[in-house]
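Listed here are the chains, written in short residue letters.
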Amino acid sequence: MNIEQVNEEKKGWFKAVEDGKEAGLMTYVWAGPGKIIIDHTEVDPGFAGKGVGKALVLEAVRYARENKVKILPLCPFAKSVFDKNADLQDVLF
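Asker: What's the story with the pattern of salt bridges in this structure? I'm lost.
Answerer: Under the defined criterion, the tally for this structure stands at 5 salt bridges. Close ionic contact of Arg-62 with Glu-59 constitutes a salt bridge, the shortest N to O distance being 2.5 Å. Taken together, the residues span about one helical turn, with Arg-62 and Glu-59 both in helix H1 (residues 52–67) at a distance of 3 residues. Taking the relative accessible area as the measure of exposure, Arg-62 reaches 34% and is therefore partly exposed. Glu-59 sits in the buried class, given a relative accessible area of 19%. A salt bridge links Lys-79 to Asp-83; the nearest nitrogen and oxygen atoms lie 3.0 Å apart. Of the two residues, Lys-79 and Asp-83 are both situated in helix H2 (residues 76–84); the distance of 4 residues between them amounts to about one turn of the helix. Within the structure, one salt-bridge network assembled from shared partners comprises Glu-59, Arg-62 and Glu-66.

Asker: Sorry, what's going on with the sheet that holds strand S1 (residues 2–7) here?
Answerer: By way of backbone hydrogen bonds, the strands of a sheet pair with one another, either parallel or antiparallel. Pairing is mixed in the open sheet, where 5 strands are placed in the order S1-S2-S3-S4-S5. Looking at which strands have only one partner, the edges of the open sheet turn out to be S1 and strand S5 (70–73). Across this sheet, the average inter-strand angle for adjacent strands is 25°, counted without regard to direction. Here 7 bridges tie strand S3 (residues 21–30) to strand S4 (residues 35–43), and the two strands are oriented antiparallel to one another. Opposite Val-29, over in S4, you have Ile-37 as the bridge partner.

Thresholds applied
Once a new chain begins, its residue numbering starts again from 1 and follows that chain's sequence as written. Per-residue local features are limited, in this predicted model, to residues with pLDDT of at least 70; the limit for side-chain atom pairs, both in listing and counting, is 80 or more; totals at the level of whole chains, interfaces and linings are taken over all residues. Water and hydrogen atoms were dropped before computing side-chain values, which therefore reflect all heavy atoms in the structure. Within this document, salt bridges are pairs made up of a side-chain nitrogen of Lys or Arg and a carboxyl oxygen of Asp or Glu, the two lying within 4 Å of each other. Helix and strand definitions follow DSSP, with helices as H or I runs of at least four residues and strands as E runs of at least two, each counted in order from the N terminus. Burial classes follow relative accessibility: with a 1.4 Å probe on protein chains only, a residue under 20% of its type's maximum area counts as buried, one over 50% as exposed, and anything between as partly exposed. Being paired, for any two strands, means DSSP has found at least two bridges between them. The angle between two axes is taken between their N-to-C directions and runs from 0 to 180 degrees, where each axis is a line fitted to C-alpha atoms and a helix contributes only its stretch in contact.

Geometric values such as these leave the question of function open.
Below you can see the structure in the form of C-alpha cells.
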C-alpha cells in the first residue's frame, strides 16, 4: 500500500492506494501555522479490516514529526487511534 499526500494552502489529505485503487482517504484543514485538524477518515469497504485507516493516521503523525506540526484529531476514528496509542501523544495540540 502506498500513501500519497496532497497539501494545499488551507487543507490537504492523505490517500492510501493499493493496486491502483483508492483504499482510504483522510482529510485535514490547516488551523494556522504548524497546526492541522484531521476532520475525516474514510476507508473503502473492500479494504475494511486491513489497517488502512490506522496507516493514514500514522502517516499524518510521521509528517507532523518531520515538519514540526501539531495535530488535533476531530475525526472520531483518528481520535480513537490517538487515544489507544500513547506513543503518538507528542504531536497533539
